[in-house]
Amino acid sequence: GCGLYARWGPAARLVAPHASPRALPPGSTGPVAAPARFWGSYRPQVYFGMKTRSPRSPVAGLMWLQQLEGDVRLRHTCEQSDGLPRYGWLLHDGTHFGVQEIQDLGFSLQTEVVKRPGGQHGGDWSWRVTVRPERTGPTPPFISLLFYVATDGQGRLQPLIEEKSRLASLRGQTEELGNFTVTFKPPTTETGTPLYARYNHLQAMAEGLHRLTDVVKSSLRPRFSYAPPGLPKRHYFGVDVYQGQAGDRELRSQLLIHQVTVAVPCRVEVAFESGSVPDRPDRLLAETLTQELDKHVVAFEQRFEETFGLSRKGFSEQEQHFARALLSNMLGGMGYFHGHSLVQSPYTEAPQPYPAGSLFTAVPSRSFFPRGFLWDEGFHQLLLARWDPALSREVLAHWFDLMNVEGWIPREQILGDEALAKVPPEFVVQHSQAGNPPTFFLVLQQLLRQGAVEQGYLRRIYPRLQSWYGWYNHTQAGPLPYTFRWRGRDQDTQLFLNPKTLTSGLDDYPRASHPSEDERHLDLRCWMAVASAVMAEVATRVGEAENDYTHMAEWLADNELLQRHHWSEALNTFADYGNHTQGVALERERLRPPPPGQPSPIPRLVRVVRKSPRLQFVGGALGYVSLFPLLLQLLRPDSQQLGSLLADMKNKQKLWTPFGLRSLSRSSPFYLKHNTEHDPPYWRGAVWINMNYLAVRALHHYSQVEGPYREEASKLYHELRTNVIGNVLQQYLDSGYVWEQYNDSTGRGQGCYPFTGWSALVVLMMAEEY
Ligand code: 6A9
């Protein structure tokens with residue numbers, strides 16, 4: 001009856017968690033079972049911060065202030081608008097230590113962290129921040145460093161103030177950390193000589209962690225003076241009093257700030273000490289801290305060489321330095337998020353809160369996209385699985401535990417206040433029919449090849465894998481057996497040159513001009529071929545020799561069927577199929593003159609259709625999608641179509657550039673075209689590194705197997721690999737960053753930065769690990 005429907009109807013199922021046991025056994029990621037990973041730099045959205053892998057973790061962080069004449073510049077969360085010449089982790093092993101360099105204007109900060117195991121709560125850690133003058137701008141005579149600790153809805157902090165205004169240390173207590181202390185050492189030179197400094201501190205309650213910057217900003221007063229012996233007295237801004245906004249909002253964060261104002265250069269150390277560490281021979285500070293850091297650096301470099309062999313392969317010091325920074329940024333960009341998505345289905349009128357969950361994941365970009373993205377994460381883990389397979393297994397398990405009873409995993413994970421604060425409202429809601437390429441199958445395939453998955457793990461994730469696969473297979477089915485279609489294309493077709501397909505990950509890549517149920521999407525079909533093959537292997541491993549996945553994998557690997565559904569003789573390439581016309585353009589709309597006295601409306605750019613669409617292969621769209629059967633290695637080595645795709649690839653009028661393969665053929669009518677007035681081209685020409693990684697990997701594959709195109713594949717493999725590595729490195733040297741994508745005419749980095757996600761795959765290309 002009605003009650004049953006309410007419990008099991010589609011609206012309820014949307015927010016019902018998957019019923020099988022969790023992929024992560026309860027407690028398995030906590031301080032007792034996994035102490036080494038408990039604390040980490042898991043707040044990638046701030047320049048320097050730490051938290052634990054727990055839902056309401058206290059956090060530690062750094063802000064700094066440039067004291068300008070009558071004004072201040074506050075740095076805290078990673079913002080492109082800060083215009084820093086560069087920042088990022090130079091070394092980070094994901095577990096024990098990290099070394100980051102942040103270039104600001106006129107000075108740099110080296111931020112280092114080291115952990116030391118002990119006790120039952122994840123052990124101790126120490127920070128060292130070293131400020132040095134740089135020629136990136138006029139060096140300020142002095143700056144302020146603000147170290148903070150804040151709670152998030154649980155726990156207590158108690159300040160210990162010395163000399164009236166210096167927060168020398170604090171004592172704290174939280175659910176999972178028990179008792180701890182944090183000590184702020186006075187600043188010194190790099191060799192340990194004490195320096196003149198002024199101190200301020202603040203104790204405040206805030207609405208949440210996302211409000212910390214505002215609390216600090218609104219508490220700053222320019223009424224303090226800095227007067228080192230023999231130098232003129234200067235006023236500076238210090239944290240003073242914070243008049244919290246009165247109101248009925250819950251104040252869930254207790255915040256303690258230690259501000260030290262000191263000359264450049266200088267060094268400050270901070271020690272977090274767990275109350276449960278029984279005996280501490282020496283504190284993790286000064287000389288001891290230096291020794292620990294040195295030890296970890298040596299171990300890192302050795303492990304890096306063992307894993308990727310770049311020195312062995314003859315890469316220069318500079319190239320190795322770059323590759324180490326890429327891996328380190330991927331690891332230093334790991335976040336731990338907790339909260340719930342907002343989700344919506346066709347059966348719900350308003351967005352619903354999804355069950356709260358935790359996510360341990362890397363992020364594409366610390367400044368712009370500091371949160372989990374499903375298909376990005378598969379690419380991230382292709383790299384990290386080589387470095388630390390256990391970490392990748394945990395990341396995948398976290399993602400699988402976010403699945404609902406339908407087998408759906410929301411594509412973009414915006415969990416918790418800090419993550420939400422970075423997303424414009426129109427992008428928050430996740431739709432129940434929206435997929436995203438299931439790249440985790442590539443990671444599983446990789447882990448299986450490495451022999452890095454035990455039976456127990458496979459058994460735990462298997463029920464969830466079955467549902468996940470089933471979700472794609474059912475909800476994204478195409479019009480014919482063994483064909484697939486991305487749901488959720490743009491509806492308001494008249495406003496777009498070509499309605500977007502955000503779910504495919506390729507956003508504005510041109511598809512059928514008129515979205516319809518007749519569409520067959522080539523890329524999704526190829527992803528499903530990989531998914532089926534991996535599922536068949538996993539099923540066999542867990543003892544289900546007879547399974548439907550094997551059957552699906554065989555059909556989807558069938559080159560004749562692939563040709564029948566997706567090869568167009570007329571276009572001489574693989575393509576999507578759908579209701580399509582190439583006769584579309586954006587034009588300024590012609591408006592009637594307004595009634596007298598009324599203002600004239602501004603005409604928009606709208607789409608005009610000059611030629612009626614009809615069911616056909618989608619022409620004018622040669623690019624990454626056309627290459628998918630090659631990219632995912634579905635083509636038999638002797639397939640003529642392979643030869644044809646290789647020819648398109650190396651054709652400079654089409655896909656080849658000196659910087660990698662461009663996303664869309666130069667000869668496509670959509671090449672570098674705006675999609676609307678305000679939507680510049682995105683996947684319409686630029687060079688994207690994830691796809692180039694797949695291309696390099698596939699060319700390597702076809703250069704290893706016997707066949708008529710072996711030599712050609714080998715030649716292209718070497719050229720493409722050299723081009724992509726060379727350009728990403730060049731951009732890093734020129735601009736200080738790796739980027740979201742690269743310009744196909746100049747190679748210049750573009751889109752947002754730093755964007756480590758998928759540019760870091762260059763490390764695997766260097767190592768030739770595919
Ligand atoms: C926008 C505005 C600060 C787009 O890397 C993440 C994704 C990829 O998965 C996808 O393939 N990016 C690519 O086409 C970025 C998507 C960002 C959407 C949210 C919010 C940011 O405000």
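Parameters and conventions
- Residues numbered from 1 in each chain as written.
- Predicted model: local features only at pLDDT ≥ 70, side-chain atom pairs only at ≥ 80, totals over all residues.
- Heavy atoms only, no water.
- Helix = DSSP H or I, 4+ residues; strand = E, 2+ residues; numbered from the N terminus.
- Rg over C-alpha atoms; globule rule 2.2 N^0.38 Å.
- Buried < 20%, exposed > 50% of the residue type's maximum accessible area, 1.4 Å probe, protein only.
- Contact = heavy atoms within 4.5 Å.
- Areas by Shrake-Rupley, 256 points an atom, 1.4 Å probe, with all protein chains shown as cover.
- Lys, Arg positive; Asp, Glu negative; His and termini not counted.
- Charge placed at Lys NZ, Arg CZ, Asp CG, Glu CD.
- Pairing = 2+ DSSP bridges.
- Axes fitted to C-alpha atoms, helices over the stretch in contact; angles between N-to-C directions.
- Polar contact = N/O pair within 3.5 Å; in protein donor to acceptor, adjacent residues only side chain to side chain.
- Core = buried A, V, L, I, M, F, W, Y, C linked by side-chain atoms within 4.5 Å.
- Near = heavy atom within 4 Å.
- Nonpolar A, V, L, I, M, F, W, Y, C, P; charged D, E, K, R; others polar.
- pLDDT = per-residue confidence, 0-100.
- Expected span 1.5 Å × (residues − 1).
- Parallel < 35°, antiparallel > 145°, perpendicular 65-115°, else oblique.
- Left-handed = near helix turned anticlockwise from the far one by under 90°.
- Phe/Tyr/Trp six-rings, centres within 6.5 Å; stacked < 30°, edge-to-face > 60°.
- Lys NZ or Arg CZ within 6 Å of the ring centre and 35° of its normal.
- Salt bridge = Lys/Arg side-chain N within 4 Å of Asp/Glu carboxyl O.
- Disulfide = S-S within 2.5 Å.

Caption draft 1: Quick peek at the overall build of the chain. Counting its secondary structure elements, the chain contains 18 helices and 34 strands. Against the globule reference of 27 Å for 770 residues, the chain gives a C-alpha radius of gyration of 28 Å, in line with a compact fold. Going through the 770 residues of the chain one by one, you find that 59% of them count as buried. At a minimum sequence separation of 6, the contacts of the chain that also span at least 24 residues come to 70%. Here the chain displays about 30,200 Å² of accessible surface, and carbon together with sulfur accounts for 52% of that area. Averaging the locations of the 78 positively and 77 negatively charged side chains of the chain gives two centres separated by 3 Å.

Caption draft 2: Fine view of unusual backbone geometry. Put simply, Val264 and Pro265 share a cis peptide bond, and its omega is 0 degrees. Along the chain, Pro265 falls in the loop between β16 (253-263) and β17 (266-274). With an omega of -15 degrees, the peptide bond between Tyr753 and Pro754 qualifies as cis. Position of Pro754 among the secondary structure elements: in the loop between β34 (749-750) and α18 (762-767). Its identity as a non-glycine residue notwithstanding, Asp507 has a phi of 35 degrees, on the positive side. Checked against the element boundaries, Asp507 lands in the loop between α10 (455-475) and α11 (522-541). Residue class for Asp507 comes out buried when judged on its relative accessible area of 16%.

Caption draft 3: Inspection of the sheet that holds strand β7 (residues 107-116) at higher detail. Sheet architecture is open: eight strands sit in the order β5-β6-β7-β8-β17-β12-β11-β10, paired in antiparallel fashion. Of all strands in the sheet, those bounded by a partner on one side alone are β5 (86-92) and β10 (156-162). Here the average twist between neighbouring strands, direction ignored, is 15 degrees. Of the pairings in the sheet, the one linking strand β8 (residues 124-133) to β17 comprises seven bridges and is antiparallel in character.

Caption draft 4: Here's a closer look at the environment of Val129. Among the secondary structure elements, Val129 is positioned in strand β8. In this structure Val129 comes out as buried when scored by relative accessible area, which is 0%. Sequence separation between Val129 and Glu740 is 611 residues, and the spatial gap between their C-alpha atoms is 29 Å. Look past the residues within four positions of Val129 in its chain and what remains in contact with it is Phe48, Leu62, Leu109, Gln110, Thr111, Leu145, Phe147, Cys266, Arg267 and Val268.

Caption draft 5: Local environment of the side chain of Gln254. Position of Gln254 relative to the elements: it lies in strand β16. A polar contact is formed between the side chain of Gln254 and the backbone oxygen of Leu157, at a distance of 2.7 Å.

Caption draft 6: The arrangement of the nonpolar core in detail. In this structure, Trp127, Leu145, Phe147, Phe308, Phe400, Phe441 and Leu630 are the most contacted members of the largest nonpolar core, which totals 199 residues. Top element by residues in this core is α11. It accounts for 13 residues. Within the second largest apolar cluster, 21 residues are counted, among which are Val46, Ala204, Leu212 and Val215.

Caption draft 7: Representation of the site of the ligand. Around the ligand, the surrounding shell holds 17 residues, and the nearest of these are Trp375, Asp376, Gly505, Asp507 and Trp683. In the environment of the ligand, an oxygen atom lies 2.9 Å from a nitrogen or oxygen atom belonging to the side chain of Trp375. Within the backbone of Gly505, a nitrogen or oxygen atom sits 2.6 Å from an oxygen atom of the ligand. Surface burial for the ligand is 84%, taken as the share of its 560 Å² of free accessible area covered by protein chains. For the shell around the ligand, the residue count by class is eleven nonpolar, one polar and five charged.

Caption draft 8: The confidence of the model for the chain, seen in detail. Looking at the chain as a whole, its pLDDT mean stands at 95, while 98% of the residues score no less than 70. Here residues 1-5 scores under 50 on pLDDT; set against residues more than four positions off or in separate chains, the count is two contacts. If you check the scores for this complex, the pTM reads 0.97 and the ipTM reads 0.96.

Caption draft 9: Representation of the environment of Leu615. Its place among the elements puts Leu615 in strand β30 (residues 614-617). In this structure the C-alpha to C-alpha distance between Leu615 and Pro10, which are 605 residues apart in sequence, comes to 33 Å. Setting aside residues no more than four positions away along its own chain, Leu615 makes contact with Asp518, Tyr577, Gly578 and Asn579.

Caption draft 10: Up close: helix α7 (residues 389-400). With twelve residues, α7 extends 16 Å between its outermost C-alpha atoms, agreeing within 8% with the 16 Å of an ideal straight helix rising 1.5 Å per residue. With ten of twelve residues buried, α7 is to be regarded as a mostly interior element. Buried within α7 we find Leu391, Ser392, Arg393, Glu394, Val395, Leu396, Ala397, His398, Trp399 and Phe400.

Caption draft 11: Main features of the packing of helix α4 (residues 286-308) against helix α6 (residues 374-387). Running from N to C, α4 and α6 cross one another at 110 degrees; their axes reach a closest spacing of 9 Å. The angle between the axes of α4 and α6 places the two elements in the roughly perpendicular class. Of α6, the residues touching α4 (which contributes Phe300, Arg303, Phe304, Thr307 and Phe308) are Leu383, Arg386 and Trp387.

Caption draft 12: Inspection of the packing of α6 against helix α16 (residues 689-704) at higher detail. α16 packs onto α6 with a crossing angle of 55 degrees between their chain directions and a minimal axis gap of 11 Å. Considering the angle they form, α6 stands oblique to α16. Here α6 runs over α16; the crossing is left-handed. For the pair α6 and α16, contact is made by Trp375, Phe379, Leu382 and Arg386 and by Asn690, Met691, Tyr693 and Leu694, respectively.

Caption draft 13: Spatial organisation of the sheet that holds strand β24 (residues 429-431). Spatially, three strands are ordered β20-β19-β24 in an open sheet, and the strand pairing comes out mixed. Each having just a single partner strand, β20 (352-353) and β24 make up the two edges of the open sheet. Here strand β19 (residues 342-344) pairs with β24 via three bridges, running parallel. When the sheet's bridge partners are listed, Val343 is paired in β24 with Gln430.

Caption draft 14: Up close: the environment of Gly40. In this fold, Gly40 is placed in strand β1 (residues 39-40). For the pair formed by Gly40 and His551, sequence separation is 511 residues and the distance between their alpha carbons is 44 Å.

Caption draft 15: Expanded view of the packing of aromatic side chains. For the coordinates displayed, the defined rule picks out 52 aromatic pairs. Between Phe300 and Trp387, the aromatic rings sit 5.2 Å apart at their centres with planes inclined by 50 degrees, giving tilted as the arrangement. Here the residue Phe300 occupies a position in helix α4, and Trp387 occupies one in helix α6, the gap between them amounting to 87 residues. For the pair formed by Phe300 and Trp387, the shared burial category is buried. Ring centres 5.5 Å apart and planes at 90 degrees place the aromatic pair Phe368 and Phe369 in the edge-to-face group. Over the face of the ring belonging to Tyr577 we find Arg520, whose NZ or CZ atom lies 4.0 Å from the ring centre.

Caption draft 16: Main features of the pattern of salt bridges. According to the stated counting rule, one finds 45 salt bridges in the structure shown. With a shortest N-O distance of 2.6 Å, Glu412 and Arg371 are connected by a salt bridge. One end of the pair, Glu412, is in strand β23 (residues 412-413); the other, Arg371, is in the loop between β21 (357-362) and β22 (372-373), and 41 residues separate them in sequence. Residue Glu412 is classed as buried on the basis of its relative accessible area of 9%. Judged by its relative accessible area of 4%, Arg371 is buried.

Caption draft 17: A look at the state of the cysteines. A complete count under the given rule lists zero disulfides for this structure. Sulfur of Cys78: no disulfide; nearest cysteine sulfur belongs to Cys752 and is 12 Å away. Relative accessible area serves as the criterion here: at 0%, Cys78 is assigned to the buried category.

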